[in-house]
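Commentary on secondary and tertiary structure
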Amino acid sequence: MRLLDKYIIYSSIFALFTEGFYFHYGIDLKLYYLILISNFFLFSINKKVIVHKNLLIIFGFLVIHGIVSYVWLQHPIKSLFAQLLGISISSIYYYNFIKSYGVEKVFKVYLGFAVIIAFMAIPMFYLQINSFSEFRLNGILTEPAHYAAIMLPATYVFLRDKKYLKLGLMVVTIFLSKSSIGYIGLGLILIFPLLKIKYFIKYAWIVFIVIGSSAYYLGTQWNKPVDENKSNVLVRRLKETNKSLSAVATGKFEKHTNLSSYAFLSNSFITQKIVLNKPFGAGLGSYQYEYDLYYPLIRPPPYLVELKQSKINRTDANSLFLRMLSDLGVFAVLIFIYAGYRSYQLFSMEKKNIQQSAFFYLMVKLIREGHYFPPEFYFFLFIFLKDFDEDITHS
């Protein structure tokens, strides 16, 4: 392989982990954008950049739907084009990147970076380097949840390939992140392979032990006093979220609701209002304007108002699932149905470990983060959606 191709592959995969590398000067100047734009130029020198017809159809729909929605609702249209620009650059680049070099080749490089970054994350955690919190690991990523999400595909593949040393490294660092999203992802990794009878018979006892142990642990911890730093993060968030669930319907929060629970539940309340009033969606990039419309109906905890955190996730809905519902309405539901069908297809096939692994990342991303173009998103999305090795173009 030529040196230029090696640079493009390794820099493009490294870019997946670079959300924390940016310089703020009026706007955030991110290393990810620099790598993508420069690699776009290098890539186009010797390779043909194409736009798949399905991408064109999706872009066309988003443009028409967005313009109609913005004309109808009178929102500033600049947000629509900002989202379209970010989505188009990221998606077109990673589609051509994976198509040109092949899934197995680029995913192998991703696995190598995942191991190196996980190995670095442990001393970074104990030495408090780039630390999100004294008690939580995030490595070179900006947040523990982001770290856990991007490591889940590697965790699944190492499990299926029986590379237990690397698997152990992934699991240890995800546990050290103390991310509820990481715990959910690990749970899904244990459960989904059992959907096949032969795997269920062979491995069900492991899942039953894990579920039983988890239930027992939750039972022993449930009635203990909650401490922001020392108590288990998952237990604390489950208890506090449970107390505030009614706020999804009423918008009224208890005065001690924690920030994470408030972020998810308040944005769920906003999304509910948007969907009920605009079932076809308010248009791509419209969420922040719709949020401002319905925010007066929320009664946030006073301490969050004082800390100026009561509008947390105003721009991204805290969850890609919530944001897509509010932006696209019933069209988002159709997308989720197709994603469910694609997931069923993948997990009914043999030797699709790489494609299956992307499912776990996408699932937790739907739950946790509402950005349409984080660095790693389209890399995993295209691996999930398309079998590139059927029509690979590289030698």
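Our subject is the structure listed above.
Residues numbered from 1 in each chain as written. Predicted model: local features only at pLDDT ≥ 70, side-chain atom pairs only at ≥ 80, totals over all residues. Heavy atoms only, no water.

In terms of helices and strands, the protein carries 18 helices and 2 strands. The buried share of the protein, reckoned over its 395 residues, is 50%. The long-range fraction of contacts in the protein, counting pairs at least 24 apart against all pairs at least 6 apart in sequence, stands at 70%. Just so you have it, the protein exposes about 19900 Å², and 67% of that area is on carbon and sulfur atoms. (Helix = DSSP H or I, 4+ residues; strand = E, 2+ residues; numbered from the N terminus. Buried < 20%, exposed > 50% of the residue type's maximum accessible area, 1.4 Å probe, protein only. Contact = heavy atoms within 4.5 Å. Areas by Shrake-Rupley, 256 points an atom, 1.4 Å probe, with all protein chains shown as cover.)

Turning our attention to a positive patch on the surface. Residues Lys105, Lys108, Lys163 and Lys166 make up a contiguous surface patch of positive charge. Along the chain, lysine 166 falls in helix 7 (residues 164-177). Of the residues examined, lysine 166 reaches a relative accessible area of 36% and is grouped as partly exposed. (Patch = residues over 30% accessible without salt bridge, like charges linked within 9 Å, V, L, I, M, F, W, Y side chains within 5 Å. Salt bridge = Lys/Arg side-chain N within 4 Å of Asp/Glu carboxyl O. Lys, Arg positive; Asp, Glu negative; His and termini not counted. Charge placed at Lys NZ, Arg CZ, Asp CG, Glu CD.)

Turning our attention to the pattern of salt bridges. Taken as a whole, this structure holds 8 salt bridges when the rule is applied. Residue glutamate 369 is joined to lysine 365 by a salt bridge in which the shortest nitrogen-to-oxygen separation is 2.9 Å. Relative accessible area serves as the criterion here: at 6%, glutamate 369 is assigned to the buried category. Given the relative accessible area of 3%, lysine 365 is considered buried. The closest approach of N and O atoms between glutamate 376 and lysine 365, which form a salt bridge, is 2.9 Å. With a gap of 11 residues between them, glutamate 376 in the loop between helix 17 (353-368) and helix 18 (377-385) and lysine 365 in helix 17 connect regions that are remote in the sequence. On the accessibility criterion, glutamate 376 (4% relative accessible area) is buried.

In the contact formed by helix 3 (residues 53-73) and helix 4 (residues 78-101), the axes pass within 11 Å of each other and the chain directions differ by 175 degrees. When the axes of helix 3 and helix 4 are compared, the pair comes out roughly antiparallel. Side by side, helix 3 and helix 4 meet where Leu55, Phe59, Leu62, Val63, Gly66, Ile67 and Tyr70 of the first sit next to Ser79, Leu80, Leu84, Ile87, Ser88, Ser91, Ile92 and Tyr95 of the second. Its residues assigned to classes, the contact of helix 3 with helix 4 comprises 11 nonpolar, 4 polar and no charged. (Axes fitted to C-alpha atoms, helices over the stretch in contact; angles between N-to-C directions. Parallel < 35°, antiparallel > 145°, perpendicular 65-115°, else oblique. Nonpolar A, V, L, I, M, F, W, Y, C, P; charged D, E, K, R; others polar.)

Look at lysine 178: it is not a glycine, yet its phi comes out positive at around 50 degrees. For lysine 178, a relative accessible area of 27% translates into the label partly exposed. Unusually for a residue other than glycine, asparagine 313 sits at a positive phi of about 65 degrees. For asparagine 313, the location among the structural elements is in the loop between helix 14 (302-306) and helix 15 (320-328).

What follows covers the side chain of serine 310. Turning to its location among the elements, serine 310 is positioned in the loop between helix 14 and helix 15. For serine 310, a relative accessible area of 7% corresponds to the buried category. Here the side chain of serine 310 touches tyrosine 295 through a polar contact of 2.7 Å, side chain to side chain. Apart from the residues within four sequence positions on either side, serine 310 is in contact with Tyr262, Tyr291, Tyr295, Pro300, Leu304 and Val305. (Polar contact = N/O pair within 3.5 Å; in protein donor to acceptor, adjacent residues only side chain to side chain.)

In a regular helix each residue adds 1.5 Å, so 14 residues correspond to 20 Å; helix 7 covers 20 Å between its end C-alpha atoms and thus fits that length. Those residues of helix 7 that are buried are in contact with helix 5 (103-126), helix 6 (144-160) and helix 8 (180-191). Positive backbone phi, approximately 50 degrees, marks lysine 178, located one or two places after helix 7. (Expected span 1.5 Å × (residues − 1).)

On to the side chain of lysine 278, then. Tracing the chain through its elements places lysine 278 in the loop between helix 12 (259-277) and helix 13 (287-294). Dropping the residues within four chain positions of it, lysine 278 is found in contact with Trp72, Leu73, Glu290, Leu293 and Tyr294.

Moving on, we get to a nonpolar patch on the surface. A cluster of nonpolar side chains, Ile67, Val71, Ile77 and Phe81, forms an exposed patch at the surface whose accessible area comes to about 340 Å². By the secondary structure assignment, isoleucine 77 is in the loop between helix 3 and helix 4. The exposure class assigned to isoleucine 77 is partly exposed, which follows from its relative accessible area of 36%.

Ranked by internal contacts, the top residues of the largest apolar core, which has 87 residues, are Phe17, Tyr94, Phe97, Tyr110, Met151 and Phe379. If we ignore the near neighbours within four places in the chain, the residues touching methionine 151 are Phe17, Tyr110, Ala114, Ile117, Ala118, Met170 and Ile174. Core analysis: the second largest hydrophobic core is formed by 19 residues, Leu73, Leu265, Tyr287 and Leu322 among them. (Core = buried A, V, L, I, M, F, W, Y, C linked by side-chain atoms within 4.5 Å.)

Attention shifts here to the packing of aromatic side chains. Two numbers describe a pair of aromatic rings. These are the distance of the centres and the angle of the planes. Inspection of the entire model under this criterion finds 34 aromatic pairs. Seen in terms of ring centroids, phenylalanine 17 and phenylalanine 113 are 6.4 Å apart; in terms of plane orientation they differ by 35 degrees. Their pairing is tilted. Of this pair, phenylalanine 17 sits in the loop between helix 1 (3-14) and strand 1 (22-25) while phenylalanine 113 sits in helix 5, and the two are 96 residues apart along the sequence. Phenylalanine 17 gets classed as buried once you look at its relative accessible area, which sits at 0%. A ring pair is formed by phenylalanine 347 and phenylalanine 360, whose centres lie 5.8 Å apart and whose planes are at 80 degrees; its orientation type is edge-to-face. Linking phenylalanine 347 in helix 16 (residues 330-347) with phenylalanine 360 in helix 17, this pair joins segments that are 13 residues apart in sequence. By relative accessible area, phenylalanine 360 is classed as buried at 0%. Stacked on the ring of tyrosine 295, the Lys or Arg lysine 311 has its end atom at 4.9 Å from the ring centre. (Phe/Tyr/Trp six-rings, centres within 6.5 Å; stacked < 30°, edge-to-face > 60°. Lys NZ or Arg CZ within 6 Å of the ring centre and 35° of its normal.)

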